[in-house]
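Residue-level structure breakdown
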Amino acid sequence: MSTASPFRRLLTAMITPMRPDGSVDAEGAKRVAQHLVDTGHDGIVVNGTTGESATLSDDESLEMVSLVAEAVGGRAAVVAGVGSNATAHSVEMAGRAQHAGATGLLLVTPYYNKPTQAGVVAHCRAVAGVTDLPVMLYDIPGRTGIPFTSDTLRELASVPTILAVKDAKGDAWASTTVMASTDLVYYSGDDATTLPWLALGAVGTVSVVGHVAGREYAAMIEAVDRGDLAAAREIHHRLIPAVEAIMNTSQGAIMAKAALVELGVIEHATVRLPLVESPPEHLDLLRAGLKESGLL
């Protein structure tokens, strides 16, 4: 796969492994990062939603960046989530993430307080201006309560370090108009739409199911690159049971951790409240979906 984008092409929003007492499992984090690289990833997002960033302390977030950077040893981009609804906090975390070993930043719109689009622009400019790291904007209004509008994205495209968009908004037409009118590179931010986004010109994906399907997503990207949509569709169809099991049974971080336990990558599926671990019936659905997709 081409590495023209500084974020590379196949990324997963990595879980934060935890011990049964809820503390961060440092060795588990290194194992997961190594597992991702070994299964075709050339980028890893740390401290995203799936990493339970909302319940990590700042020190834990930075520890995760350092652990992953150490584990992958330059073999993959390390993209640190630094989103916050307080601009000063995001600015601080961006600088600290660079020092901890991040090679890129992931930035959501400020959530809950619902700023105007002018406020979104000012927020992103402030965070992007504190380091020389490339920035990927994360458009997920279902979680943040506010989107990046197309005009805002076109304005932010003029910022030298803002280079990419992770799209989980799902408005393909609006986003393709931005792709056509700017140099922003796009990534699918929803496993269900990876193939459609690749077909529309996205450079890659930031996945959750990639925890267990890295090789399959790498093959999908390569198939689209060579114009073999039939092969890409076959992979897409084959992964449907796994995507359903991980993304639609309960919640992505919960199910991704359970899946990694099933594969023997981590020992515990511990999550922090308000998330709770999967009940037996959810684990049954997970195993069935992974088996049907040929991943277990």
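What you are looking at is a predicted structure, and each value in this text was computed from that prediction instead of being measured. (Residues numbered from 1 in each chain as written. Predicted model: local features only at pLDDT ≥ 70, side-chain atom pairs only at ≥ 80, totals over all residues. Heavy atoms only, no water.)

Right, let's get into the side chain of His-35. With respect to the helices and strands, His-35 occurs in helix 1 (residues 26-38). Judged by relative accessible area, His-35 falls into the buried class, the value being 15%. (Helix = DSSP H or I, 4+ residues; strand = E, 2+ residues; numbered from the N terminus. Buried < 20%, exposed > 50% of the residue type's maximum accessible area, 1.4 Å probe, protein only.)

It is worth spelling out helix 12 (residues 280-292) at this point. Taking 1.5 Å per residue as the helical rise, helix 12 with its 13 residues ought to reach 18 Å, and the 18 Å between its terminal C-alpha atoms agrees with that figure. Taken together, the buried positions of helix 12 are occupied by Leu-286, Gly-289 and Leu-290. The buried residues of helix 12 all sit within an arc of 95° when viewed along its axis, so they share a single face. Facing away from the buried side of helix 12, by more than 90 degrees, are the exposed residues Pro-280, Lys-291 and Glu-292. Check the buried side of helix 12 and you find it contacts helix 9 (210-225), helix 10 (229-247) and helix 11 (252-262). Two residues or fewer past helix 12, Gly-294 is found with a positive phi of approximately 75°. (Expected span 1.5 Å × (residues − 1). Arc of directions from axis to C-beta. Contact = heavy atoms within 4.5 Å.)

Okay, the pairing of strand 6 (residues 162-167) next. In terms of residue burial, strand 6 counts as a mostly covered element, since five of its six residues are buried. As defined by bridge partners, strand 5 (residues 135-139) adjoins strand 6 across five bridges and the pair is classed as parallel. Bridge pairing in strand 6 links Asp-139 to Asp-167. In terms of strand pairing, strand 6 meets strand 7 (residues 185-188) through four bridges, oriented parallel. The partner of Asp-167 across the bridge, within strand 7, is Ser-188. For the crossover from strand 6 across helix 7 (residues 172-181) to strand 7, the handedness is right-handed. (Pairing = 2+ DSSP bridges. Right-handed = clockwise from strand over helix to strand, strands pointing away.)

Here we come to the nonpolar core. Proteins that are soluble and globular tend to have nonpolar side chains buried together. Residues Met-14, Ile-44, Val-68, Leu-137, Ile-162, Tyr-186 and Ile-246 are the most contacted members of the largest nonpolar core, which totals 84 residues. For this core, the element with the highest residue contribution is helix 9, accounting for eight residues. Aside from chain neighbours lying at most four places away, what touches Ile-44 is Leu-11, Thr-12, Met-14, Ala-33, Leu-36, Val-37, Val-68, Val-72, Ala-77, Val-78 and Val-79. Ranked by size, the runner-up nonpolar core spans 15 residues in total, among them Val-45, Val-79, Ala-164 and Val-203. (Core = buried A, V, L, I, M, F, W, Y, C linked by side-chain atoms within 4.5 Å.)

The UniProt feature table records "binding site: pyruvate" (unreviewed entry) at Thr-50 and Val-206. A maximum C-alpha distance of 10.9 Å is found for the annotated residues, which run over 157 residues; spatially they form one tight group. Tracing the backbone shows Thr-50 in the loop between strand 2 (43-46) and helix 2 (58-72). Thr-50 sits in the buried class, given a relative accessible area of 8%. Setting aside anything within four residues of it in sequence, one finds Thr-50 in contact with Ala-13, Met-14, Ile-15, Thr-16, Val-208, His-211, Gly-252 and Ala-253. Tracing the chain through its elements places Val-206 in strand 8 (residues 204-207). Here Val-206 falls in the buried class, since its relative accessible area comes to 3%. Leave out the neighbours within four places in its chain, and Val-206 touches Leu-11, Ala-13, Val-45, Met-136, Lys-166, Tyr-187, Ser-188 and Gly-189. (UniProt positions renumbered as here; feature names shortened; annotations may be inferred.)

Before going further, it helps to spend a moment on the pattern of salt bridges. Throughout the structure, instances matching the rule amount to 13 salt bridges. A salt bridge links Glu-234 to Arg-238; its shortest N-O distance comes to 3.0 Å. Pair noted here: Glu-234 and Arg-238 are both in helix 10, with a separation of four residues, about one helical turn. Arg-238 gets classed as partly exposed once you look at its relative accessible area, which sits at 31%. A salt bridge links Arg-287 to Glu-262, with the shortest nitrogen-to-oxygen separation between them at 3.0 Å. (Salt bridge = Lys/Arg side-chain N within 4 Å of Asp/Glu carboxyl O.)

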